[in-house]
Amino acid sequence: MTDNVQFARMNGLGNKILVVDMRGRKDRVTPAAATALNADPATAFDQIMAIHDPKAQGTDAWIDILNCDGSMAQACGNGTRCVVQALAAETGKKAFTFQTIAGILNATEHEDGTISVDMGKPVFAWDRIPLAEEFADTSRIELQIGPIDNPVLHSPSAMSMGNPHAIFWVDKDPMSFDLDRFGPLLENHPMFPERANITLAQVLSPSSLRTRTWERGAGLTLACGSAACAAAVSAARTGRTGRKVAIDVASAPAPAKLTIEWREHDDHVVMTGPAEWEWSGMLNPTTGIWQRDATEAGGARAL
């Protein structure tokens, strides 16, 4: 087994992703390698998507997902789109089935280059999100930041998309809030025994939202696909929007949007959006030492 593996620096609507090819190997990307890669500005990331050989019949790959602090994540929709683009360029296939610790993900690349990921069914039960306290209705839980008589944020919708989410509804631009100050407090609040992704969501219309997310294990992120799904589902669940919405990710560097549909016939949440290949190289999955490829062509490429 050689020391180094191929990887690609990609992004999903600005969400910084490293796609690492671990197929044919028994080892894994270590937390030490993840933190070392994130410490380098050239390879700083929100999630690592490590592609392993499939474990279950009928799947194309097992995917390990690591946050930039080295912890494991259960879901990353933006990162899954990046994996699909890389594997589609390699194989010519358009449809893929992946297995993660959160379950099975089906994804499809469309002719226009956008990619749809079936993120599965949302979870609303308080003990499966999980929350530390029992709530019969998790569409609005008791939690606030700021003075008790004039809180800055309060009464979030809580749910899981394979990972815990709290959606705080705001009536002005999410970029106007000090999420970098509130985010760590809320992520690690005792209400969330497994920590949580914290999203501010503004309703723009019955079919559109504007969001900004503090991501569990990653911090202030340019985009978070599972958080966009959680915001869309929570908006429909509370009657703020319909079941299909366009998400304007406030912190994303490009104006492209995510489309989220919470399908009525099977309760599944489908996210559609772009992925972008930036550059590729080789890295050591144990240490995180890496080297960029010398020459590259533009556009999507295979690993």
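Residues numbered from 1 in each chain as written. Predicted model: local features only at pLDDT ≥ 70, side-chain atom pairs only at ≥ 80, totals over all residues. Heavy atoms only, no water.

Draft legend 1. The overall build of the chain, seen in detail. Along the chain, the regular secondary structure elements total four helices and 19 strands. The C-alpha atoms of the chain give 19 Å as radius of gyration, which agrees with the globular expectation for 303 residues (19 Å, within 12%). By principal-axis analysis of the C-alpha atoms, the chain measures approximately 60 × 40 × 35 Å. Counting every position in the chain, which comprises 303 residues, the buried fraction comes to 55%. (Helix = DSSP H or I, 4+ residues; strand = E, 2+ residues; numbered from the N terminus. Rg over C-alpha atoms; globule rule 2.2 N^0.38 Å. Buried < 20%, exposed > 50% of the residue type's maximum accessible area, 1.4 Å probe, protein only.)

Draft legend 2. Spotlight on the pairing of strand β12 (residues 197-205). The pairing of strand β11 (residues 164-169) with β12 spans five bridges and is parallel. Considered in β12, the bridge of Ile167 is made with Thr199. As a crossover connection, the stretch from β11 through helix α3 (residues 179-187) into β12 is right-handed. The pairing of β12 with strand β13 (residues 208-215) spans seven bridges and is antiparallel. Opposite Leu200, over in β13, you have Arg212 as the bridge partner. Connecting β12 to the next strand, β13, in antiparallel fashion are two residues. (Pairing = 2+ DSSP bridges. Right-handed = clockwise from strand over helix to strand, strands pointing away.)

Draft legend 3. How the structure looks around the pattern of salt bridges. Under the criterion given, the structure shown has 15 salt bridges. Here Lys93 ties to Asp60 by a salt bridge, and the two come within 2.5 Å at their closest N and O atoms. Taken together, the positions of Lys93 in the loop between α2 (77-91) and β5 (95-100) and Asp60 in the loop between β3 (47-52) and β4 (61-67) put the pair 33 residues apart, joining distant regions of the chain. Note on Asp60: relative accessible area 29%, which makes it partly exposed. Between Lys94 and Glu109 there is a salt bridge, and its shortest N-O distance comes to 3.0 Å. Note that Lys94 is positioned in the loop between α2 and β5 and Glu109 in strand β6 (residues 103-109), a separation of 15 residues in sequence. A relative accessible area of 37% means that Lys94 is categorised as partly exposed. For Glu109, a relative accessible area of 13% translates into the label buried. Connected through shared salt-bridge partners, Asp21, Arg23 and Glu90 make up one network. (Salt bridge = Lys/Arg side-chain N within 4 Å of Asp/Glu carboxyl O.)

Draft legend 4. Seen up close, the state of the cysteines. One pass over the full model with this rule turns up zero disulfides. There is no disulfide at Cys68, and the cysteine sulfur nearest it, in Cys76, is 11 Å away. Overall, Cys68 belongs to the buried group, its relative accessible area being 10%. The closest cysteine sulfur to the non-disulfide-bonded Cys76 is located on Cys224, 6.7 Å from its own sulfur. A residue is classified by how much of its surface remains accessible, and Cys76, at 3% relative accessible area, is buried. (Disulfide = S-S within 2.5 Å.)

Draft legend 5. Structural detail: the packing of aromatic side chains. Inspection of the entire model under this criterion finds five aromatic pairs. Geometrically, the ring pair formed by Phe7 and Trp290 is edge-to-face, given 6.4 Å between the ring centres and 85° between the ring planes. Highlighted residues: Phe7 in strand β1 (residues 5-12) and Trp290 in strand β19 (residues 290-292), separated in sequence by 283 residues. Since its relative accessible area comes to 25%, Trp290 is described here as partly exposed. Plain terms: the ring middles of Phe96 and Phe98 are 5.9 Å apart, the flat faces sit at 10° to each other, and that makes the pair stacked. Accessibility expressed as a relative area gives 4% for Phe96, which makes it buried. When the ring centre of Trp62 is taken as origin, the NZ or CZ atom of Lys55, which lies over that ring, is 3.9 Å away. (Phe/Tyr/Trp six-rings, centres within 6.5 Å; stacked < 30°, edge-to-face > 60°. Lys NZ or Arg CZ within 6 Å of the ring centre and 35° of its normal.)

Draft legend 6. Representation of the side chain of Ser160 in the model. Along the chain, Ser160 turns up in strand β10 (residues 157-160). Owing to a relative accessible area of 6%, Ser160 belongs among the buried residues under this scheme. Reaching out from Ser160, the side chain makes a polar contact with the backbone nitrogen of Gly162 at a distance of 3.0 Å. Residues within four places of Ser160 in sequence aside, it is in contact with Pro122, Val123, Arg128 and Ile129. (Polar contact = N/O pair within 3.5 Å; in protein donor to acceptor, adjacent residues only side chain to side chain. Contact = heavy atoms within 4.5 Å.)

Draft legend 7. Examining α3 more closely. Among all positions of α3, only Leu179, Phe182, Gly183, Leu186 and Glu187 are buried. Down the axis, α3 shows its buried residues gathered within 125° of arc, on one side only. In α3, those exposed residues whose orientation departs by more than 90 degrees from the buried face are Arg181 and Leu185. (Arc of directions from axis to C-beta.)

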